[in-house]
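Per-entry structural report
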Protein chains: 6
Amino acid sequence: MPFVNIKLTPDGLTAEKKERLIAGVTKLLQEELGKNPATTVVIIETVETDNWGIGGQSVTKRRQAP
Amino acid sequence: MPFVNIKLTPDGLTAEKKERLIAGVTKLLQEELGKNPATTVVIIETVETDNWGIGGQSVTKRRQAP
Amino acid sequence: MPFVNIKLTPDGLTAEKKERLIAGVTKLLQEELGKNPATTVVIIETVETDNWGIGGQSVTKRRQAP
Amino acid sequence: MPFVNIKLTPDGLTAEKKERLIAGVTKLLQEELGKNPATTVVIIETVETDNWGIGGQSVTKRRQAP
Amino acid sequence: MPFVNIKLTPDGLTAEKKERLIAGVTKLLQEELGKNPATTVVIIETVETDNWGIGGQSVTKRRQAP
Amino acid sequence: MPFVNIKLTPDGLTAEKKERLIAGVTKLLQEELGKNPATTVVIIETVETDNWGIGGQSVTKRRQAP
């Protein structure tokens, strides 16, 4: 009964891609660890690039860098 | 000083219902564990059905199933 | 299918108290929001008082204050 | 490679303030703990006042109190 | 630069299995969403069965049921 | 009333360093965003290097690389 929380920036994240991500993570937990897919929960949360920092600056600013 | 994070799908979740949820969880922690309500924090986060997976598929898809 | 994460300090938190906490939160979500208990997940995480800060100091230090 | 998740209400939270928050937390982790800024991740999540409870009531209601 | 947090019960979770889980999730995010593996962070947290509730009771109690 | 969750590997993380981290983050949120220190909560969680993945491998394995 694993619980998986995935946070990522929303760039091009369609419903179909999310569907494949949910299916893929659930299958991986079943194959590698024998976890029951029926009780595997996956929650996807999108985070705007202004709100995601790495290396001391936001992803927004990082992408603007020349 | 407990911290409680509740994630759920937004279906029909009014401000009044959230108010009762916050009050109920805080009271429960006081009654069962003697936790001080003044420093009990409850954060409610809604997650769209496209972003919530269980059993290897999104709740959106699951609800469409015949 | 709500997901609830409760973080608290471990003081006197017995298995029996945790059992009552899980039952109480699940019941509350059913009664207030009509959520299905079968898919309600509750995860309790204990956090040592050295690792919990409020008001700019750890709970350990706060409790030592005269 | 620390991971920092900051949840707060959105009041007046501009992109510039978020930028300073990301920079400040990253610098703090470097100065106090010697953590490498290049792999320090900071995620800021805003939570509406209806969804944030403290003292058994939402921040929305708390602010309305006379 | 996704961030993935996986919570699961510790049953038989060896270092080798965790290694495969980290590799698998990172690869999945690359293949399905084109995410850069170099900045994909995966954090695995184990949660004791006493602390994991589903269906209103702990996994410990659930497993004892006849 | 911000809530801050810091996850990091336990290397050399003394009580004193955690104390400074809690104080520093709380001060930063006050100075940059005007947040009230009295209701700022900081939770530090340590994650073993086996359980922390980046670039598709655990930090344990990454550190062993020649």
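Below, the structure is looked at part by part. Quick caveat: nothing in here was measured; it's all calculated off a predicted structure. (Residues numbered from 1 in each chain as written. Chains lettered and ligands numbered in written order. Predicted model: local features only at pLDDT ≥ 70, side-chain atom pairs only at ≥ 80, totals over all residues. Heavy atoms only, no water.)

**As for the sheet that holds strand 3 (residues 52–54) of chain C**
Taken in spatial order, the eight strands line up as 4(A)-3(A)-2(D)-1(D)-1(F)-2(F)-3(C)-4(C) in an open sheet, and their pairing is mixed. Bordering the open sheet on either side are strand 4 (57–58) of chain A together with strand 4 (57–58) of chain C, each of which pairs with just one other strand. The pairing of strand 1 (residues 3–8) of chain F with strand 2 (residues 41–46) of chain F spans six bridges and is parallel. In the sheet register, N5(F) faces strand 2 of chain F, and the bridge partner there is I43(F). (Pairing = 2+ DSSP bridges. Helix = DSSP H or I, 4+ residues; strand = E, 2+ residues; numbered from the N terminus.)

**Focus: the pattern of salt bridges**
Evaluation of the coordinates by the stated rule reveals 42 salt bridges over all chains. For K7(D), the salt bridge identified is with E45(B), shortest N-O distance 2.8 Å. Note that K7(D) is positioned in strand 1 (residues 3–8) and E45(B) in strand 2 (residues 41–46), a pairing that runs across two chains. Neither residue differs from the other here; K7(D) and E45(B) are each classed as buried. Linked by salt bridges that have partners in common, K7(A), E45(A), K7(B), E45(B), K7(D) and E45(D) make up one network. (Salt bridge = Lys/Arg side-chain N within 4 Å of Asp/Glu carboxyl O. Buried < 20%, exposed > 50% of the residue type's maximum accessible area, 1.4 Å probe, protein only.)

**Let's talk about the arrangement of the chains**
Separated in space, chain C and chain D share no contact, their closest pair of C-alpha atoms being 13 Å apart. For chain A and chain F, which are not in contact, the least C-alpha distance works out to 13 Å. (Contact = heavy atoms within 4.5 Å.)

**Side note on the packing of aromatic side chains**
One pass over the structure, following the stated rule, counts three aromatic pairs over all chains. Centre to centre, the rings of F3(B) and F3(F) are 3.6 Å apart; their planes meet at 0°, and the pair counts as stacked. Of this pair, F3(B) sits in strand 1 (residues 3–8) while F3(F) is found in strand 1, placing the two residues in two different chains. Residues F3(B) and F3(F) agree in their burial class; the two are buried. (Phe/Tyr/Trp six-rings, centres within 6.5 Å; stacked < 30°, edge-to-face > 60°.)

**Quick notes on the pairing of strand 1 of chain B**
Side-chain direction in a regular strand flips from residue to residue, so the side chains alternate between the two faces of the sheet. Within strand 1 of chain B, six of the six residues are buried, which leaves it mostly tucked inside the rest of the structure. Burial along strand 1 of chain B is two-sided: the face carrying F3(B), N5(B) and K7(B) and the face carrying V4(B), I6(B) and L8(B) are both buried. Following the backbone out of strand 1 of chain B, through helix 1 (residues 15–33) of chain B and into the adjacent parallel strand 2 of chain B, one traces a crossover that is right-handed. Examined bridge by bridge, strand 1 of chain B and strand 1 (residues 3–8) of chain C share five bridges and lie antiparallel to one another. Looking across to strand 1 of chain C, one finds that V4(B) is bridged to I6(C). (Right-handed = clockwise from strand over helix to strand, strands pointing away.)

**Notes on the interface of chain C and chain B**
Between chain C and chain B, the residue contacts involve 25 residues of the former and 25 residues of the latter. It is M1(C), E32(C) and L33(C) that lose the most area in chain C upon contact with chain B, and together they represent 25% of the buried surface on that side. If you look at where chain C meets chain B, you find four salt bridges. Note that E32(C) and R20(B) form a salt bridge whose closest N and O atoms lie 2.6 Å from each other. The interface formed by chain C and chain B contains seven residue pairs in polar contact (both at pLDDT 80 or more). Elements supplying a minimum of two residues to the side of chain C that touches chain B: strand 1, helix 1 (15–33) and strand 3 of chain C. Per element, the largest residue contribution to the side of chain C that touches chain B is nine residues, and it comes from helix 1 of chain C. (Buried area = accessible area lost by both parts, 1.4 Å probe. Polar contact = N/O pair within 3.5 Å; in protein donor to acceptor, adjacent residues only side chain to side chain.)

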